[in-house]
Amino acid sequence: MRNIAIGLLGLALATGAARAEGTLYERLGGEAGVAQITSEYIDAVANDPAVNQSFEKVNLKRLKKMLAEFTCSLTGGGCVYSGDDMKIVHKNLKITEREFNALVEALRVSLDRHGVSQRDKNALLAIFAPMQRDIVEK
Ligand code: HEM
C-alpha cells in the first residue's frame, strides 16, 4: 500500500513537472521567441561576408518565416512545415562545413541571448546537427 502511494506520488510529480515544462517550442518562447531567434541568427550569417555567399539574392523575410515554421514543426509547436526537404532546399547552394558551423554558432549565440537553458539548447542543436549531411555539399 505504501509502495503504491509512493508510486502514485512519483507519477503525480512527474506529470506535474512535464506539464510545467511544456514543449521545447514553448521554452524557446513560442511563436514570438522562435521568430526572434531565427531572425537574429539568419541576420548574423547573412551579414557575415565570410559565410554569406549563398544568401545573396535570397528573400530573407521569406526564409526566416519558413525556418521558423520548420523549427516549430520540429519542437512540438504544432506547425506543419510547408517547404521542401533539406536536401532539395539547399541543393546547388554549395554550402560548406564551415558555413554550416557558422550558422550553428550564430544559433547558439542567439539562444544564449534569449536565456535558453543548456538542456534546451542542446535539444535544438541535436535536432539540427544531423541535417548537416543533407545541407553541406561534399
Ligand atoms: C541545420 C541547419 C539548417 C536548417 C535547419 C536550414 C533550414 C532551411 C529552411 C527551412 C529553409 C527554407 C526552405 C524553403 O524555402 O522552402 C532554408 C533555406 C535556405 N537555407 Fe538553410 N538551413 C540550414 C543551414 C543552412 C546553411 C548553413 C546555409 C548557408 C550558409 C543555408 C542557406 C540557406 C539558403 C540560402 C536558403 C534559401 C534558399 C532559397 O530560397 O532558394 N542554410 N534553410
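Residues numbered from 1 in each chain as written. Predicted model: local features only at pLDDT ≥ 70, side-chain atom pairs only at ≥ 80, totals over all residues.

1. Thoughts on the overall build of the protein chain
Looking only at helices and strands, the protein chain has eight helices and zero strands in total. Each helix (α) and strand (β) of the protein chain, taken in turn from the N terminus, gives the series α-α-α-α-α-α-α-α. Split into buried and exposed, the 138 residues of the protein chain put 16% on the buried side. Considering only residue pairs separated by 6 or more positions, the protein chain has 71% of its internal contacts joining residues 24 or more positions apart. (Helix = DSSP H or I, 4+ residues; strand = E, 2+ residues; numbered from the N terminus. Buried ≥ 20, exposed ≤ 12 C-beta atoms within 10 Å, placed from the backbone. Contact = placed C-beta atoms within 7 Å.)

2. Here we look at the nonpolar core
In terms of nonpolar packing, the biggest core is built from 17 residues, with Leu28, Val34, Ile37, Tyr41, Val45 and Leu111 touching the most fellow members. Taken together, the elements giving at least two residues each to this core come down to helix H3 (30-46), helix H4 (60-74) and helix H6 (97-113). If you tally residues by element for this core, the top one is H3, at five residues. Other than its neighbours up to four places away in sequence, leucine 28 contacts Gly33, Val34, Ile37, Thr75, Val116 and Asp120. (Core = buried A, V, L, I, M, F, W, Y, C linked by C-beta atoms within 7 Å.)

3. Considering the site of the ligand
The immediate surroundings of the ligand are formed by 21 residues, with Met66, Phe70, Gly83, Glu99 and Phe128 found nearest. Residues that form the shell around the ligand fall into these classes: 16 nonpolar, three polar and two charged. (Near = placed C-beta within 6 Å. Nonpolar A, V, L, I, M, F, W, Y, C, P; charged D, E, K, R; others polar.)

4. Quick notes on the confidence of the model for the protein chain
Mean pLDDT over the protein chain: 90, with 86% of residues reaching 70 or higher. Across residues 15-20 the pLDDT falls below 50, and counting only partners more than four positions away or on other chains, this stretch makes zero contacts in the model. (pLDDT = per-residue confidence, 0-100.)

5. As for the packing of H3 against H6
Between H3 and H6, the least distance of the axes is 9 Å, while the angle of their chain directions is 135°. For the element pair H3 / H6, the angle class is oblique. For the element pair H3 and H6, the recorded crossing hand is right-handed. Here Ile37, Glu40, Tyr41, Ala44 and Val45 of H3 come into contact with H6, specifically with Ala102, Leu103, Ala106, Leu107, Ser110 and Leu111. For the contact of H3 with H6, a count of residues per class yields nine nonpolar, one polar and one charged. (Axes fitted to C-alpha atoms, helices over the stretch in contact; angles between N-to-C directions. Parallel < 35°, antiparallel > 145°, perpendicular 65-115°, else oblique. Left-handed = near helix turned anticlockwise from the far one by under 90°.)

6. What to know about H4
End to end, H4 covers 21 Å across 15 residues, agreeing with the expected 21 Å (1.5 Å per residue, within 8%). Considering only its buried residues, H4 is in contact with helix H2 (24-27) and H3. Of the residues trailing H4, glycine 76 is marked for its positive phi of about 90°. (Expected span 1.5 Å × (residues − 1).)

7. Describing unusual backbone geometry
Residue lysine 57 is not a glycine yet carries a positive backbone phi of 70°. Tracing the sequence through the fold places lysine 57 in the loop between H3 and H4. Since 5 C-beta atoms lie within 10 Å of it, lysine 57 is described here as exposed. The phi torsion at asparagine 92 lies on the positive side, around 70°, for a residue other than glycine.

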